[in-house]
Amino acid sequence: HQLVREMQYVVGSGSAARTYLAEENGRLYQLPLTWYTQADDGAGRWGLSPGYTEQNARFGRTVPDRCMACHNGVSEPVPFADGKFASLASGIGCESCHGPGELHVEARTVSEEAPDSIDVTIVNPKWLSIDLRLDVCQQCHLNGEVSVLREGETAYSYRPGRPLSAHRAIFQLAGESASQVSVISHADRMQASACFTESAAMDCVTCHNPHEGFRDKGPEYFNQTCQSCHAPDALAASLAGSPAAAQHTETANCFSCHMPKVAADDVPHSSFTDHWIRVVEDPIEGVASSGDLEPYFEEDQGGSVEEGMAYVIYARQGGGNAALRRGVSILEDQLADRPEAGEAQYLLGFVRLETGRARQAIEPLQRALDIAENPERLNALAQAYENAGRATTDAESLYKRALDMQPAAANVRVNLGRLYESQGRLDVAIEQYRRAIEEEPWLVQAHVLLGGALAKGGDLGAAEDALAEAVELDPGQADALTNLAVLLAQRGEIVRASPLFERAVEAGPRNADAHGNLALHRLNQERFDDAVRHAQTALQLDPGQATAQQVLQILQQAGS
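Notes on the structure follow. Quick caveat: nothing in here was measured; it's all calculated off a predicted structure. Here the residue numbering is sequential within each chain, running from 1 through the sequence in written order. A pLDDT threshold of at least 70 governs which residues receive local features in this predicted model, and a stricter bar of 80 or more applies before side-chain atom pairs are shown or counted, although totals over entire chains, interfaces and linings include all residues. Hydrogen atoms and water are omitted, and side-chain values are computed over all heavy atoms in the structure.

### Considerations on the overall build of the protein
This is how the line gets drawn: Secondary structure elements are taken from DSSP: a helix is a run of H or I of four residues or more, a strand is a run of E of two residues or more, and numbering for both begins at the N terminus. Only protein chains enter the accessibility calculation, which uses a 1.4 Å probe; a residue whose area is less than 20% of its type maximum is buried, one above 50% is exposed, and one in between is partly exposed. Residues count as neighbours in contact if any of their non-hydrogen atoms are within 4.5 Å of one another. Computed with a 1.4 Å probe, the accessible areas rest on the Shrake-Rupley method; for each residue, only the protein chains presented here act as cover. Two residue types count as positive, namely Lys and Arg, and two as negative, namely Asp and Glu; His and chain ends fall outside the count. Just so you know, the charge point we use is NZ for Lys, CZ for Arg, CG for Asp and CD for Glu.
A tally of regular secondary structure across the protein gives 24 helices and 11 strands. Over its C-alpha atoms, taken along the principal directions, the protein stretches across nearly 100 × 55 × 45 Å. For the protein, the proportion of its 560 residues judged to be buried stands at 44%. For the protein, long-range pairs separated by at least 24 residues make up 49% of all intrachain contacts whose partners lie at least 6 apart in sequence. If you sum the accessible surface of the protein, you get close to 29000 Å²; carbon and sulfur atoms cover 50% of it. Here the protein contributes 45 positively and 78 negatively charged side chains, and the mean placements of these two sets differ by 6 Å.

This is how it looks when you write it as structure tokens:
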């Protein structure tokens, strides 16, 4: 099996790695292959992109706005279509650090010089307080385990000169070792250094001039900065008689000892300069994390809706059910005092929906919708209505409102098509599936549902094509494999169907339909023990699985 995708964009400076993106119909997708330039002693090597080892999304991982906001300059996202862009910047530009520049360009076109010493038409970070200066850098160079946007904020709404804490809440795991370094922990670790705490002026640009390249300048470039505060003669005098005196000469490489290269915890095959400037001794051992999240900003101490959201997000990233329950409990408690927090209301409703509590999901989802209407909230409320047994006309109306706001919301189109199909309206269901595929050609679920609907309508050739395309996009898609196998078996193409039945169960060991259909296939092969085993597995997963019930009934009547 193989798929071919063109690498259309490169992300990353290349000092550690280069990750590649493909574009399809305005949407960006992270490709699974990354070039790690530091691997194999600098020779470089190919490897899976970060995150693909934990969860292989194949070629369907869209690049959301929050990723693009830091990995590229200010671009124009399509509203309510995360990962789809009307225009893309070509690299990180001036506005990321200086804010919008239109007024500045207009003013300086009229007069080259500002009327006073501070040009108020643009943000110059040097005039900001130290905290706000650091925030300009930390908008992309500070992260924790979870980062939550404040109510009303978007990926692109931060502006230099604002406190970063007004834009997002950041949470880190309690008990993490002080020796751990992540790719974007530099500014935070610098602030733990005596060089920072004992200086009234040190910030990121003390060592990094953002307006010039420094990666190829060699150690002298940074050593000069160190020696501007730590003169070699003074150091030698203070260390007289110490074995360390011989190491502190004018030509010594300061940062090789005091800011060593260390392996990052969140990117493979890469090392980064540790910006905690210190006399490096034995690594500081951390305490095994209890799974507790600690807020980074003072305003989030003592509990907040953002904390509840952070626990839910952490749970969905692999933090476990305990974190999910804790997040839901915090949200339920905090929303009593902040009912206007629309995104928190949405997240509470979404979690309830995902965990089978559709009726309880309706109230917070409706509140979120009343606060601000968007396709995501409309879609979730429609699903809650469906799952709670509410009139399908209510869900249909919500899906249509979502698509009126953003016709490019292919996932909403899929849900609307599925609703139509459940009502027996195959023609309009097929239309919605096809429009979803037109918008997102790599959306596997749309191909699977299209194939099933076409098969119901008797167009078996088109159904086979749709299901084969789904398997082509994702050979581990259990529903596509089992539906294609059933279609082929019904046409008498048993040789082609047989391995697909088996692959479906391998791909989806907890997929009741896959087990049920394999049970029927084994029955037809007169492999009765296997038929019973897969039928029983199917019924354990879904007691209402009709094919498995049929298989056991036939075997019982036959006395097998």
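Once you've had a look at it, read on.
### Looking at the state of the cysteines
The term disulfide refers to a covalent linkage connecting the sulfur atoms of a pair of cysteines. Counted only if it meets this: By convention in this document, the label disulfide applies to cysteine sulfur atom pairs within 2.5 Å.
The final tally for this structure, using the stated rule, is one disulfide. One disulfide bridge connects cysteine 70 with cysteine 140, the sulfur atoms lying 2.3 Å from each other. The sign of the S-S torsion, about -95°, decides the handedness of the disulfide formed by cysteine 70 and cysteine 140: left-handed. Taken together, the positions of cysteine 70 in helix α1 (residues 65-71) and cysteine 140 in helix α4 (residues 130-141) put the pair 70 residues apart, joining distant regions of the chain. For cysteine 70, a relative accessible area of 25% translates into the label partly exposed. Judged by relative accessible area, which is 22%, cysteine 140 ranks as partly exposed. Looking at the unpaired cysteine 67, the closest cysteine sulfur is the one in cysteine 70, lying at 8.8 Å. Cysteine 229 supplies the cysteine sulfur nearest to cysteine 195, a cysteine that is in no disulfide, at a spacing of 7.2 Å. Look at cysteine 195 and you get partly exposed, because its relative accessible area is 26%.

### Re the nonpolar core
Put simply, the rule reads: As used here, the term nonpolar core means buried Ala, Val, Leu, Ile, Met, Phe, Trp, Tyr and Cys residues forming a set that is joined through side-chain atoms within 4.5 Å.
Core analysis: the largest hydrophobic core is formed by 67 residues, its most contacted members being Leu365, Leu381, Leu398, Tyr399 and Leu450. For leucine 365, the contacting residues outside a window of four places in its chain are Gln345, Tyr346, Gly349, Phe350, Ala380, Leu381 and Ala384. In terms of nonpolar packing, the next biggest core, distinct from the first, is built from 24 residues, Val148, Leu173, Ala323 and Ile330 among them.

### A closer look at helix α13 (residues 358-371)
To keep it simple, the criterion reads: Multiplying 1.5 Å by the residue count of a helix minus one yields the expected span of that helix.
The terminal C-alpha atoms of α13 lie 20 Å apart, and with 14 residues this matches the ideal 20 Å at 1.5 Å per residue to within 8%. Of all the positions in α13, only Ala358, Ala361, Ile362, Pro364, Leu365, Ala368 and Leu369 are classed as buried. Of the surrounding elements, those touching the buried residues of α13 are α12 (342-354), α14 (375-387) and α15 (392-405).

### Regarding the pattern of salt bridges
Keep this limit in mind: When a carboxyl oxygen of Asp or Glu lies within 4 Å of a side-chain nitrogen of Lys or Arg, that pair is called a salt bridge.
One pass over the structure, following the stated rule, counts 31 salt bridges. In this structure, arginine 491 and glutamate 464 form a salt bridge, with 2.4 Å as the shortest nitrogen-oxygen distance. Here arginine 491, found in the loop between α20 (478-490) and α21 (494-507), pairs with glutamate 464, found in helix α19 (residues 460-473); they are 27 residues apart in sequence, far enough to count as distant. For glutamate 464, a relative accessible area of 14% corresponds to the buried category. Members of the salt-bridge network, linked through shared partners, are Arg150, Asp300, Glu306, Arg338 and Glu340.

Any functional reading would require information that these geometric values do not contain.
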